[in-house]
Amino acid sequence: MFIINFFTILLGKIISGLLHLFGRNAGNLPGLVLWTLNKNCLKAFKIDCPIIAVTGTNGKTSVTNFIAEMFKKTGAKIITNPEGNNLDTGITSLLLNHCSMTGKVKADYLILETDESHVPVVYSKLKLETLVVLNFFRDQLDRNGEVETLILKVNKFCETFEGNLILNGDDPNVARLGLANPNNPNVKYFSVEKYKYATDTLHEAGEGRFCPRCGTALRYDYYQYSHIGRFACPKCGYGKVSPFVKFTDIDLEKPSFTVDGEEYVTANATIYYMYNLCAVFAAAKLYGIDKKIVRKTFRSFKVNNGRMEQFEYKGSKLMLNLAKNPVGANMTVRMVNECEEEKELLFVLNDNLADGYDVSWIWDINFSTFRNVSRVVTSGRRAYDIAVRIKCSGYDAAKIVVRPDLDDAVKELFSTTGRKFAVANYTAVQPTRAAIKRFIGGEGSSNGNA
Amino acid sequence: METLRILHMYPNMLDLYGDSGNMELLAYRLKMRGYSSVKDDYTLGDGAKTDFSSYDLIYLGGGADFEQQLLAEDLLSCRDKIASAHKSGVFMLMICGGYQLMGQYYKDSNDKKIPGLGLFDYYTVASTNKRERCIGNIVIETDFCGEKYKVIGFENHGGMTDNVRTPFGRVLFGNGNKFGSESEGYTEKNVIATYLHGPLLAKNPKLADKILTYCLSRKAGREVTLPPLDDTLEKKCREVMLKRLLEEKKKK
């Protein structure tokens, strides 16, 4: 076994080293090779420190970055995957880059964003201390299959998991994981109090309308967004949890929230963002991180990377947000609507492999609520699909401009002044960032010369 | 002006990606011409109080195996009423799971046989290998619109449908009723049953108008002609996709 492990690490190091030598990104390939050769390759690593994993449909990257940032501020040595690479192969590659020749991984904490379907694969081989589960939404049905299948996979893992389970208590699809192993005393829920724009009825496409325990239709006191809200089963009482962390007094103006009797100011203000912070806070509380550090991180830390990333051009503010499924896009539409002033929207839609080839999901985005949106620019490989979708929600077709080329689209967006928002799906988000930066940078420097 | 009455069956169960968009599209295209529409939602247990024949159009979207099982019994309890609505000429639009449930039976990926309504002769069997699915963009050619018309959509189904006498269209790109099938869906003068998501009517405005014309004419008792709409965006969208998909096929 020792010999196999030694050669596994050696081989991985060589591939990784070669890739670096040729200036290539070693994000996935070394891990892919190791997995192909040895299904137990993860066991070659010797890890003594706690592992914290973050999973769920939306918000994984942000929450992982936040938790890692807090731990870093405590002075701990962290290994994390801030850019995604969240599959078994990506995590293997990450460990390869950070281990000694004997496979020893030296760190105080591993904080790993992990794809939902890969949770059982990775953590049947590595000992997981804490699993944070954010939400389960429909996401790329043509690639992932039905949400239920995915939940069942994670649920099966939870049946034998005895570590800390930090669960979104307001998502019926997530809270049910708390029932998977009745012998696990370490199940903890987080919850966010009803906020200003919560609704009495389901506003956007949602999942999990039936009690996972007895099949009865769930009842909601209110919906925060999609199927996230205060729910309970009228028959068996499923959903009545007492949260480990509860955010109250959500103030989107300031923006701020209150927890354990203290107010915290945040850098962004959407209900979706508050849920992410709530998960982060639960992890911080569990690990006893100094409140000063938590406060500072919440006030100033920004993930950027196309997640609520701010840009500015000649006084016009632009916020770019990734949206790879209806819930993510609906959140951005909410954000657009909650901004009172007149604004314009850029929507970039691709249909590459990593996006899913099926763009039907755009019809689950609720555009009929558009408030004060004076113009929409669409772009990407499916620029016309999203244009048709927005038009048929009742938006004036004359206010829609289609620019399949991204540079043209960004130029078009900035041909007027005022508040702007941009939404881009998975493979579109980095090219969109690049196009925005190109435009601002190019124009900026030419202004400088003039 | 007439108000079209639409019955959307199991909207909270048969609502895979975007299928409810078909409802939005029909309402939109009616509204743009000054017609109004009323959509009633049918949910589990509404059978006894629902007068199916009083509607102009009955719609069923696609659903997951789990939901299809949950509603199968309820649907069966409405069999006679739905059958007489179909016979009286009510238009029936059915996508994916809705398509399957109207046939003889549906054997799902867990080898569970769900009896269909038996309105039509076809039957569907899904492979027990859950990975074996027809997934991808699809283009078919249909005669439904009174002329040859290319219909663009997205298929994602494990069920293979057999014994289809009058298919909805001929497959130009994609799979259709079965892996590598030549035919897609099922049709009658007042029936479209298909695997096409997308949603179906998004990129196929002529098809949407054909359905609306049928419903309005039947209601008015005379031939109704719909004024054309500005479909520039839809036309461009079709152009881009047809070019991409049909050229992709040539390369293969």
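Everything numeric here is computed off the predicted structure, so don't read it as measured data.

Some remarks on the overall build of chain A
Along the backbone of chain A there are 14 helices and 19 strands. A globule of 450 residues ought to have a C-alpha radius of gyration of about 22 Å, and chain A, at 22 Å, matches this closely. Considered along the principal axes of its C-alpha atoms, chain A spans approximately 65 × 60 × 45 Å. The proportion of buried residues among the 450 residues of chain A is 61%. Sequence-distant contacts, at least 24 apart, represent 71% of the contacts inside chain A between residues at least 6 apart. Per element, the accessible surface of chain A, about 17600 Å² overall, is 51% carbon and sulfur.

Description of the sheet that holds strand 6 (residues 130-133) of chain A
Residue and element names in this part refer to chain A. Ordered in space as 3-5-2-6-7-8-11-12-13, the nine strands form an open sheet in which the pairing is mixed. At either margin of the open sheet sits one strand with a lone partner, and together these are strand 3 (78-80) and strand 13 (262-265). On average, each strand axis in the sheet is tilted by 20 degrees relative to the strand beside it, whichever way the strands run. Bridge count between strand 2 (residues 51-55) and strand 5 (residues 109-113): four bridges; the pairing is parallel. Residue pairing in the sheet places A53 in a bridge with L112 of strand 5. Lying over the sheet, helix 9 (residues 271-286) contacts strand 6, strand 7 (164-168), strand 8 (187-192), strand 11 (245-251), strand 12 (256-259) and strand 13, oriented at roughly 145 degrees with respect to strand 8.

Topic: the pairing of strand 7 of chain A
All names here are of chain A. The buried fraction of strand 7 amounts to five of the five residues, a majority that puts the element mostly inside the structure. Alternating positions in strand 7 separate into two faces, N164, I166 and N168 on one and L165 and L167 on the other, with burial throughout. Sheet topology note: the strand 6/strand 7 ladder contains four bridges and is parallel. Within the sheet, the bridge partner assigned to L131 lies in strand 7 and is L165. Bridge analysis of strand 7 against strand 8 gives four bridges, and the strand direction is parallel. Within the sheet, the bridge partner assigned to I166 lies in strand 8 and is K188.

Things to note about the domain arrangement of chain A
All names here are of chain A. Its domain assignment divides chain A into domain 1 (2-300) and domain 2 (309-445). Distance between the C-alpha centres of domain 1 and domain 2: 28 Å. Each partner contributes to the interface: domain 1 provides 22 residues, whereas domain 2 provides 22 residues. Carbon and sulfur atoms make up 49% of the area that domain 1 and domain 2 hide from each other, which totals about 1800 Å². At the boundary of domain 1 with domain 2, the tally comes to two salt bridges. Two residues, D364 and R138, come together in a salt bridge whose shortest N-O distance is 3.1 Å. Counting across the interface, domain 1 meets domain 2 through eight residue pairs in polar contact (both at pLDDT 80 or more). Grouping the constituent residues of the side of domain 1 that touches domain 2 by class yields eight nonpolar, eight polar and six charged.

Thoughts on the environment of R419 of chain A
All names here are of chain A. Mapped onto the elements, R419 comes out in strand 19 (residues 419-424). For R419, a relative accessible area of 17% gives the class buried. Sequence-wise, R419 and V373 are 46 residues apart; in three dimensions their C-alpha atoms are separated by 9.8 Å. Once residues within four sequence positions are removed from consideration, R419 is found in contact with K317, L318, M319, C339, E341, E342, K343 and E344. Among the polar contacts listed, one links the side chain of R419 to the backbone oxygen of K317, at a separation of 3.4 Å.

A closer look at the nonpolar core
Among the nonpolar cores identified, the biggest contains 158 residues, and F247 and F298 of chain A together with M9, M102, L207 and I211 of chain B are the most heavily contacted of them. When residues of this core are assigned to their parent elements, the largest contribution, 13 residues, is made by helix 9 of chain A. Split by domain, the residues of this core number at least three in each of domain 1 (2-300) and domain 2 (309-445) of chain A. In this structure, F247 of chain A is in contact with S191, V192, E193, F257, T258, V259, M274, L277, C278, F281 and F298 of chain A, ignoring residues within four places of it in sequence. C41, C49, V133 and F157 of chain A belong to the second-largest nonpolar core, a separate cluster that totals 48 residues.

Calculation rules
- Residues numbered from 1 in each chain as written.
- Chains lettered and ligands numbered in written order.
- Predicted model: local features only at pLDDT ≥ 70, side-chain atom pairs only at ≥ 80, totals over all residues.
- Heavy atoms only, no water.
- Helix = DSSP H or I, 4+ residues; strand = E, 2+ residues; numbered from the N terminus.
- Rg over C-alpha atoms; globule rule 2.2 N^0.38 Å.
- Buried < 20%, exposed > 50% of the residue type's maximum accessible area, 1.4 Å probe, protein only.
- Contact = heavy atoms within 4.5 Å.
- Areas by Shrake-Rupley, 256 points an atom, 1.4 Å probe, with all protein chains shown as cover.
- Pairing = 2+ DSSP bridges.
- Axes fitted to C-alpha atoms, helices over the stretch in contact; angles between N-to-C directions.
- Domains from an automatic or database assignment.
- Buried area = accessible area lost by both parts, 1.4 Å probe.
- Salt bridge = Lys/Arg side-chain N within 4 Å of Asp/Glu carboxyl O.
- Polar contact = N/O pair within 3.5 Å; in protein donor to acceptor, adjacent residues only side chain to side chain.
- Nonpolar A, V, L, I, M, F, W, Y, C, P; charged D, E, K, R; others polar.
- Core = buried A, V, L, I, M, F, W, Y, C linked by side-chain atoms within 4.5 Å.

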